[in-house]
Amino acid sequence: MNAVTRRKLLITGSAAIAGAAGLATAARIAEKYGLIPPDHGGLYGAGETLTYACHRVLTLNRPMREFPRSMISTPFVSPYGKLPSAYHASQAHNFADWRLKVDGLVDHQLSLSIADLRALAVRSQITEIACEEGWSYIAEWIGTPLSLVLREAGVKPEARYVAYFSIQDGLWDSLDLPEANHSGTLLTWGMNGGDLPVDYGAPLRLRVPRQIGYKSVKFLTRITVTDSLKRFGETFSSSNPQDRYAWYAGI
Amino acid sequence: MPVATEIVRTARLRHSLLVRLTHWLTFLAFVALLVTGIEILISHPRFYWGEVGNVNTHPLFTFHIPSSRDSVPTGYGYVLPDQNGWSRYLHFEAAWVLVLTGIVYLAYLVFSGHLRRNLFPARGQRSFRAYAACIGEHIRRIRTSSVELHTYNVLQRSTYLVVIFVLFPLIIWTGLAMSPAVTTAFPFVSSLLGGRQSARTIHLFVTILLVLFLIVHVGMVAVSGFRARMRAMITGKATLPVELAKKELP
């Protein structure tokens, strides 16, 4: 073996070791700063992780984008499945008995009526909802920031995600804690100056305007704070197993 | 007998390893983006202008094709299978391959001198006459000379520059302008294009231009010797039909 090939071998070898070590360090740092999404594995994991990490670094601390009132547009009802009888029973009482349960890794479990949420805080935001199909509309959404409810409940330090559930059987989704605490994430009970209509998720819908529409789950009944989404089975939302939708929908 | 089997190899590489690698990575990413892009499009084959648009608003134009969702009125009595989940996953992953490959390629373009030497029109080519002459050669179907084995003519150079510096940046920009997280953080990304729906419509137009480029590009490769050109882009080695080589190489 002559000197040149030995040098080449040494350079290539140390580059490979440095590369592997660099990747391992990057993965550890990324994990520490919450830059790895739960669906980081599999065929699409690399793209999903790059997107999620970049968005977390570049967009998380930016303020919410709001539109002028003049841009409120004709809305569109995203289709939803059959509602259970419990829903109709509550609807008959004008949702006065509707409760949002907050449990999991919290200091105090909560059970909040719409009136309780209203008493906690009222925020109005004019934001756009964009569906992964391609259509969109702008509306005024009125509600209570999820961050305030989480503060009320007292999130434990080991918590990392918030899972949220619809009254519709098996329908749920989840967010990381930073997204849940973002000022744009709104427990919405009003729309365009009035109550939230049934078609748009009455009496309570979680609006996540920084992500695609499927994260904005309608007919919300429960929020669970957790350290791992694996507690809820193999998937991280109900839109993942049936349609293979990405967990992070900021794009 | 086909002369293509008898070839003369030239010593210089036609395409450097980096150009070949980035070329095929871009091709793979482009095919993935195109197929998944069409899958996503058919879930809502209506296009709008401005910030918002949906079934209840007036479209700019509509593709009269069946849709993969029943929320869109198409006039067809059936709904296509919904492929949006994996299509979106793959679309954004392939977009990363495209962007990262593009960054490497751009750095190479600038620092290797490839951009200055081979892509900017050469000194003698920067005139309308040069364009006219080149177009004339194409119309009269003058065969590729050995000189062109190692260089691009002015039409190629101009086309590649438009694809690299106009179409690809536009397709990435319009793509980002549809991301709710990006546009929330940086509203100008979509507002400079006229809004989210305008961005989606421009994304489609640029896609059509890129597909046209692909068709013409592959067409020209086929006309000028498909096997030799493919061999050059895969192995890097330029080859010349022997009849031409005898005539032109010393």
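Going by the structure above, here's the rest.
Residues numbered from 1 in each chain as written. Chains lettered and ligands numbered in written order. Predicted model: local features only at pLDDT ≥ 70, side-chain atom pairs only at ≥ 80, totals over all residues.

Enquirer: Would you mind showing me how to read the overall build of chain B here?
Expert: Across its full length, chain B carries 10 helices and four strands. Taking all 250 residues of chain B together, the buried fraction comes to 26%. The long-range share in chain B, meaning contacts at least 24 apart out of those at least 6 apart in sequence, stands at 67%. (Helix = DSSP H or I, 4+ residues; strand = E, 2+ residues; numbered from the N terminus. Buried ≥ 20, exposed ≤ 12 C-beta atoms within 10 Å, placed from the backbone. Contact = placed C-beta atoms within 7 Å.)

Enquirer: Explanation requested: the interface of chain B and chain A in the structure shown.
Expert: Taken together, the contact between chain B and chain A spans 32 residues of the former and 37 residues of the latter. Taken together, the elements giving at least two residues each to the side of chain B that touches chain A come down to α2 (84-112), α6 (180-185) and α8 (196-223) of chain B. Element by element, the count of residues in the side of chain B that touches chain A is highest for α2(B), at nine residues. By residue class, the composition of the side of chain B that touches chain A is 12 nonpolar, 13 polar and seven charged. (Nonpolar A, V, L, I, M, F, W, Y, C, P; charged D, E, K, R; others polar.)

Enquirer: Just to check I follow, could you spell out unusual backbone geometry for this structure?
Expert: When glycine is set aside, most residues are seen to have a negative phi, and most peptide bonds are trans. Residues and elements named next belong to chain A. At the junction of Ala202 and Pro203, the peptide bond is cis and its omega measures out at 0 degrees in the coordinates. Looking at the element boundaries, Pro203 is found in the loop between β8 (194-195) and β9 (205-207). With a phi close to 55 degrees, Asn94 is a non-glycine residue in the positive phi region. You can see Asn94 is positioned in the loop between α3 (85-92) and β1 (100-104). Assessed through the 12 C-beta atoms surrounding it within 10 Å, Asn94 is described here as exposed.

Enquirer: Is there a simple way to explain the sheet that holds strand β2 (residues 110-112) of chain A in this structure?
Expert: Each strand in a sheet pairs with its neighbour through backbone hydrogen bonds, running either in the same direction (parallel) or in the opposite one (antiparallel). Residues and elements named next belong to chain A. Spatially, β2-β1-β10-β5-β6 is the arrangement adopted by the five strands of the open sheet, whose pairing is mixed. Each edge of the open sheet is held by one strand with a lone partner, namely β2 and β6 (172-176). Strand-to-strand, the axes of this sheet are offset by a mean angle of 15 degrees, without reference to chain direction. Sheet topology places β1 next to strand β10 (residues 220-226); four bridges connect them, and they run parallel. Directly across from Lys101, in β10, lies its bridge partner Arg222. (Pairing = 2+ DSSP bridges. Axes fitted to C-alpha atoms, helices over the stretch in contact; angles between N-to-C directions.)

Enquirer: Can you walk me through helix α4 (residues 128-139) of chain B in this structure?
Expert: Residues lying three or four places apart along an α-helix face the same way, a consequence of the helix completing one turn every 3.6 residues. For α4(B), built from 12 residues, the straight-helix expectation of 16 Å at 1.5 Å per residue is met to within 8% by its first-to-last C-alpha distance of 16 Å. Note on α4(B): the residue one or two positions beyond its end, B:Arg141, has a positive phi of about 50 degrees. (Expected span 1.5 Å × (residues − 1).)

Enquirer: What is the right way to read the nonpolar core from this model?
Expert: Soluble, globular proteins show a tendency: their nonpolar side chains are buried together. Residues A:Val162 and A:Tyr164 are the most contacted members of the largest nonpolar core, which totals 71 residues. The element that contributes the greatest number of residues to this core is α2(B), accounting for six residues. Setting aside its immediate chain neighbours within four residues, A:Tyr164 contacts A:Trp172, A:Asp173, A:Ser174, A:Leu206, A:Val217, A:Leu220, A:Arg222 and A:Ile223. (Core = buried A, V, L, I, M, F, W, Y, C linked by C-beta atoms within 7 Å.)

Enquirer: Is there a simple way to explain the packing of helix α1 (residues 17-41) of chain B against α2(B) in this structure?
Expert: Packed helices, taken two at a time, are described by the angle between their axes plus the distance between the axes. Residues and elements named next belong to chain B. The N-to-C vectors of α1 and α2 enclose an angle of 155 degrees; their axes lie 8 Å apart at closest approach. Considering their axes alone, α1 and α2 lie roughly antiparallel with respect to each other. Remark: the crossing between α1 and α2 carries left-handed chirality. The class makeup of the residues in the contact of α1 with α2 is 14 nonpolar, eight polar and two charged. (Parallel < 35°, antiparallel > 145°, perpendicular 65-115°, else oblique. Left-handed = near helix turned anticlockwise from the far one by under 90°.)

None of the figures reported here should be taken as evidence of function without further support.
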